[in-house]
Amino acid sequence: MASKHKMLALYDDFEECFKAIKAIRGGAVKGVTVDDLTVLSPVDHHGIDEALGPRPVNVQRFTLLGALFGVTFGFFFLASAQASFLVQPQGGKPVVPLPTNFVLMYEMLIFFAVWTTVLVFPVLSGLFKKRDSLYSEKLTVDHMGVIVEEVDGHNLDAMKDFFKNNKAVEIREEKI
Amino acid sequence: MSNSPHDKVLDENLKWTQINEDVIRSMQNPRKAYWISVAVCVSMFFCAILAEIYQYRMGMGTAGLNNPHMWDMYLATFVFWIGMSHAGTLLSAILHIIHAQWRKPIYRFAEAMTTFSLLTAGFFPMIHLGRIWNLYWVLPYVSDRGVWPNFRSPLSWDAFAISTYLSASALFLVIGMIPDMAVLRDHTKGWRAKVYGVLALGWRGDDRQWRNFRKTYMLMACFLIPLAVSVHSIVSSDFSMSINPGWHVTTFPPYFVAGALYSGCAAIMTLFVCLRYFFRMEDYMTLNIMEKTTKLTFAIAGVWNYLLFVEFASVWYGHSVYDKELLIAKATGDYAPVFWTMIFCSTVVPFTMAFQKLRRHMPTMFIVSLFLQLGMYTERWMIVAPTLAMSHNPHQWDILWAPVVQWAIVFGSFGWFGLLFLVFVKVFPSVSMYEVKELTLHQKEEFEEERRMREAGMFMPESATAPPLPGDEHKRPEDRVAGRPGMEGA
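Residues numbered from 1 in each chain as written. Chains lettered and ligands numbered in written order. Predicted model: local features only at pLDDT ≥ 70, side-chain atom pairs only at ≥ 80, totals over all residues. Heavy atoms only, no water.

> Can you walk me through the sheet that holds strand S4 (residues 170-175) of chain A in this structure?
The strands making up a sheet are joined through hydrogen bonds of the backbone, oriented either antiparallel or parallel. All names here are of chain A. Spatially, 4 strands are ordered S2-S3-S1-S4 in an open sheet, and the strand pairing comes out antiparallel. Each of the sheet's edge strands pairs with one partner strand only, and the pair in question is strand S2 (37-40) and S4. Between one strand axis and the next, the sheet turns through 20 degrees on average, direction left out of account. Where strand S1 (residues 4-11) meets strand S3 (residues 144-152), 7 bridges bridge the pair, whose relative direction is antiparallel. Residue pairing across strands places Ala9 opposite Val146, the latter belonging to S3. Here helix H5 (residues 156-165) sits on the sheet and contacts S1, S3 and S4; the angle it forms with S1, its principal contact strand, is near 5 degrees. (Pairing = 2+ DSSP bridges. Helix = DSSP H or I, 4+ residues; strand = E, 2+ residues; numbered from the N terminus. Axes fitted to C-alpha atoms, helices over the stretch in contact; angles between N-to-C directions. Contact = heavy atoms within 4.5 Å.)

Structure, rendered in structure tokens:
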């Protein structure tokens, strides 16, 4: 069985990097698809999404869940606390007054939505992982990188040649 | 947005390596003025600690607080600091959503300002309570006495709104800094690299991280805007839901929000000038950005002044004799010097920002921004103190000029805020490196597009407002372009 490799190609020209990704997307390298690629960049460049094509982002679903939880929790929290006032004379006022409770329900909606968003962000982004040995510090300066997550041993040279021909300034690889 | 080279906010040819180096250097090697400012802030804060210890031991009488003056400058200062926090939301969240590129080099310190001014504001309800050891009574917990806070009171809403705003704005600041923490991790050494490495949370800048980051940041911005509006509306409800003259005003919520943005923008101008000088940030905090910030402040000053006029008019033409007499007393009574200082600083001084030469003159704008803040502070004082001094019962009327204890604590709050802020900008980058890089990229692309259009003969500066060629008057701007000589095929 052929060995598997991981490869990083560094680019100092973003346009060349996008061209290489688009070429892989077009089937330029046999056995490697755009789904095998991860693009690293020092900035949030709009060209990355154009080159890679649509990829899912699900943070907003959790934000919605957090917001719904917040507003529901807010209502029941306030209502249950106010219900303890039942033993006290209310002077004809409602025990659970909705108009004033809306203010705090609104605050709790935002509170839980924001916290949920922040808590799921590292999970969905794959943070807290140790950086692999291929990582280059140039990626936080002005270089862009393309990682091919898995290249078959017999495809390795073809992949290297492809990146060289597509003006990568540095190519790194490791056996996985 | 920057539309043409003369309108660019910074030099698009700045090398990205240089951006990293400049920002990291700024954190290691500030001017001497930075250290002098730190020393001044520490001294101011120390004054407040001494005053608070004295007030704690001797009682609230040392601050002159008693009926009818149970709030006075402490609450005015609380409202002032809450107001200051709104500028960060404006620059960060609102301008982020509308894609205003010029905010990028300066939003980071505005966000920090939001968090630290909220932390400062949070002290004042505690300080003015007197019995600080009972502070936990405001928290909604099931106590053995079966007593809950009154959720129908705006004072209770304050506790929820401010703690939500504080946590949300702090998280917004922290999340926004993650890519820069990775830069610092990779380009610093020793203990700094270790600390930044932890704060970077393993960021490597891959497409999945950027996609989630973009969405997360946008979602948080969307939540922060209504939150900021609700916070200051709720603070205004502390006053407007009472029946006291001068406070029972329908327009108070928008008036407070506009005032908050106004004082916050003025504070951004002050800090802009300071940071630009302390950290030699002339290439990033440019005159063009200063000009845009002052224009924004001028516009907000207009809104605030309109709402101030509406407040005065509604009192003047209303039928409440108490409200009208209070307004007259503010303008002609004991508080008149403070009232007219407010009018001068908040209504007259902003007109200096109408002149381009002055807008681009840093020392002038620094002084103007201090005057604006003085105006907004006196405005908060003029909301709180005169109503307490001259409420419905004449036998209770009493003018209070704050004793030295109150002044020391108020003064010290500026030292505390300044200290937090100065430490922050020394330890963390005050300029967002990745966003400045994006800005240079964006400007380059924009100018390249403009150059291409110019070469093709399609570029028309300010095309929508440019005078049409003879015979083109009836055509739409885009048709005028296509129909120009030599553009038949366009």
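What follows continues from the structure just given.
> Please clarify how the environment of Met105(A) should be interpreted in this entry.
Residues and elements named next belong to chain A. Among the structural elements, Met105 can be located in helix H4 (residues 98-125). The buried category is assigned to Met105, whose relative accessible area is 8%. Measuring from C-alpha to C-alpha, the distance between Met105 and Thr38 comes to 41 Å, with 67 residues separating the pair along the chain. Ignoring anything within four residues of it in the chain, the contact list for Met105 reads Val71, Gly74, Phe75 and Leu78. (Buried < 20%, exposed > 50% of the residue type's maximum accessible area, 1.4 Å probe, protein only.)

> For this particular structure, what's the right way to read the environment of Ala20(A)?
Residue and element names in this part refer to chain A. Residue position: Ala20 is located in helix H1 (residues 14-25). Note on Ala20: relative accessible area 1%, which makes it buried. Remark: the alpha-carbon pair of Ala20 and Phe73, spanning 53 residues in sequence, is separated by 50 Å. Setting aside residues up to four positions removed in sequence, Ala20 forms contacts with Tyr11, Phe162 and Asn166.

> Is there a simple way to think about the layout of surface pockets in this case?
A probe matching the size of a water molecule, rolled over the atoms, marks out where space remains unfilled. Residue and element names in this part refer to chain B. Considered as a void within the structure, the second largest pocket measures approximately 770 Å³ in volume. Looking at the second largest pocket, it is lined by 29 residues, and the ones nearest its centre are Met44, Thr270, Leu370, Gln373 and Phe414. Put simply, the parts of the chain that give the lining of the second largest pocket at least two residues each are helix H2 (32-58), helix H3 (73-84), helix H9 (252-278), helix H14 (362-389) and helix H15 (404-427). Considering every element that reaches the lining of the second largest pocket, the biggest residue donor is H15, with 9 residues. (1 Å grid on protein atoms, 1.4 Å probe; cavity = no way out; pocket = protein on both sides within 12 Å on 5 of 7 lines; lining within 4 Å. Points joined across faces, edges and corners; volume = space filled by probe spheres on them.)

> Please explain the nonpolar core as it appears in this structure.
One recurring pattern in soluble globular proteins is that nonpolar side chains are buried together. Core analysis: the largest hydrophobic core is formed by 193 residues, its most contacted members being Ile21(A), Met159(A) and Phe163(A). By residue number, the principal contributor to this core is H9(B), which donates 18 residues. Composition of this core by domain shows at least three residues from each of domain 1 (4-56 + 132-175) and domain 2 (59-125) of chain A. The contact partners of Met159(A), leaving out residues within four places of it in the chain, are Met7(A), Ile24(A), Val29(A), Val32(A), Val148(A) and Val151(A). Within the second largest apolar cluster, 7 residues are counted, among which are Leu8(A), Leu40(A), Leu134(A) and Leu139(A). (Core = buried A, V, L, I, M, F, W, Y, C linked by side-chain atoms within 4.5 Å. Domains from an automatic or database assignment.)

> I tried to follow the pattern of salt bridges on my own but got confused; where do I start?
Pairs may arise between side chains of opposite charge once their charged atoms sit close together. Residues and elements named next belong to chain B. Within this structure, the stated rule accounts for 28 salt bridges over all chains. When the shortest N-O distance is used, the salt bridge between Glu282 and Arg31 registers 4.0 Å. Remark: Arg31 occurs in the loop between helix H1 (16-28) and H2 and Glu282 occurs in the loop between H9 and helix H10 (287-316); sequence separation between them is 251 residues. Look at Glu282 and you get partly exposed, because its relative accessible area is 34%. Notably, a salt bridge pairs Asp186 with Arg185, separated by 2.9 Å at the nearest N-O pair. Given a relative accessible area of 6%, Asp186 falls into the buried group. Several salt bridges share partner residues, and in doing so they unite Glu448, Glu449, Arg451, Arg452 and Glu455 into one network. (Salt bridge = Lys/Arg side-chain N within 4 Å of Asp/Glu carboxyl O.)

> Sorry if this is basic, but what is going on with helix H3 (residues 59-83) of chain A here?
The periodicity of an α-helix, 3.6 residues per turn, causes residues three or four positions apart to be oriented the same way. Its 25 residues give H3(A) an end-to-end C-alpha distance of 36 Å, which sits within 8% of 36 Å, the value for a rise of 1.5 Å per residue. What H3(A) keeps buried is the set Val59(A), Thr63(A), Gly66(A), Ala67(A), Gly70(A), Gly74(A), Phe77(A), Leu78(A), Ala79(A), Ala81(A) and Gln82(A). (Expected span 1.5 Å × (residues − 1).)

> Is there a simple way to think about the packing of aromatic side chains in this case?
In this description, a pair of aromatic rings is defined by centroid distance and the angle of the planes. Evaluated as defined, the whole model comprises 52 aromatic pairs over all chains. Ring centres of Phe80(B) and Phe414(B) lie 5.7 Å apart, and the angle between their planes is 45 degrees; this geometry places the pair in the tilted category. Here Phe414(B) lies in helix H15 and Phe80(B) lies in helix H3, a separation of 334 residues in the sequence. Relative to Trp401(B), the ring of Trp381(B) lies with its centre 6.0 Å away and its plane at 85 degrees, an arrangement referred to as edge-to-face. Of this pair, Trp381(B) sits in helix H14 while Trp401(B) sits in the loop between H14 and H15; the two residues are 20 residues apart in sequence, bridging distant segments of the chain. Given a relative accessible area of 6%, Trp381(B) falls into the buried group. Ring pairing ties together the aromatic residues Phe69(A), Phe73(A), Phe77(A), Phe111(A), Phe112(A), Trp115(A), Phe151(B) and Phe160(B), which thus form one cluster. (Phe/Tyr/Trp six-rings, centres within 6.5 Å; stacked < 30°, edge-to-face > 60°.)

> What is the right way to read the side chain of Thr294(B) from this model?
All names here are of chain B. If you trace the backbone, Thr294 turns up in helix H10. One polar contact links the side chain of Thr294 to the main-chain carbonyl oxygen of Glu291, over a distance of 2.7 Å. When residues no more than four places from it in sequence are discounted, the contact partners of Thr294 are Met269, Met353, Arg359 and Met365. (Polar contact = N/O pair within 3.5 Å; in protein donor to acceptor, adjacent residues only side chain to side chain.)

> Would you mind showing me how to read a nonpolar patch on the surface here?
Residue and element names in this part refer to chain B. A cluster of nonpolar side chains, Phe344, Val348, Ile367, Phe371 and Leu374, forms an exposed patch at the surface whose accessible area comes to about 430 Å². Sorting the residues of the nonpolar patch by element identifies helix H12 (336-348) and H14 as the ones contributing at least two each. Element by element, the count of residues in the nonpolar patch is highest for H14, at 3 residues. By the secondary structure assignment, Phe371 is in helix H14. Looking at Phe371, the relative accessible area reads 34%, which means it is partly exposed. (Patch = residues over 30% accessible without salt bridge, like charges linked within 9 Å, V, L, I, M, F, W, Y side chains within 5 Å. Areas by Shrake-Rupley, 256 points an atom, 1.4 Å probe, with all protein chains shown as cover.)

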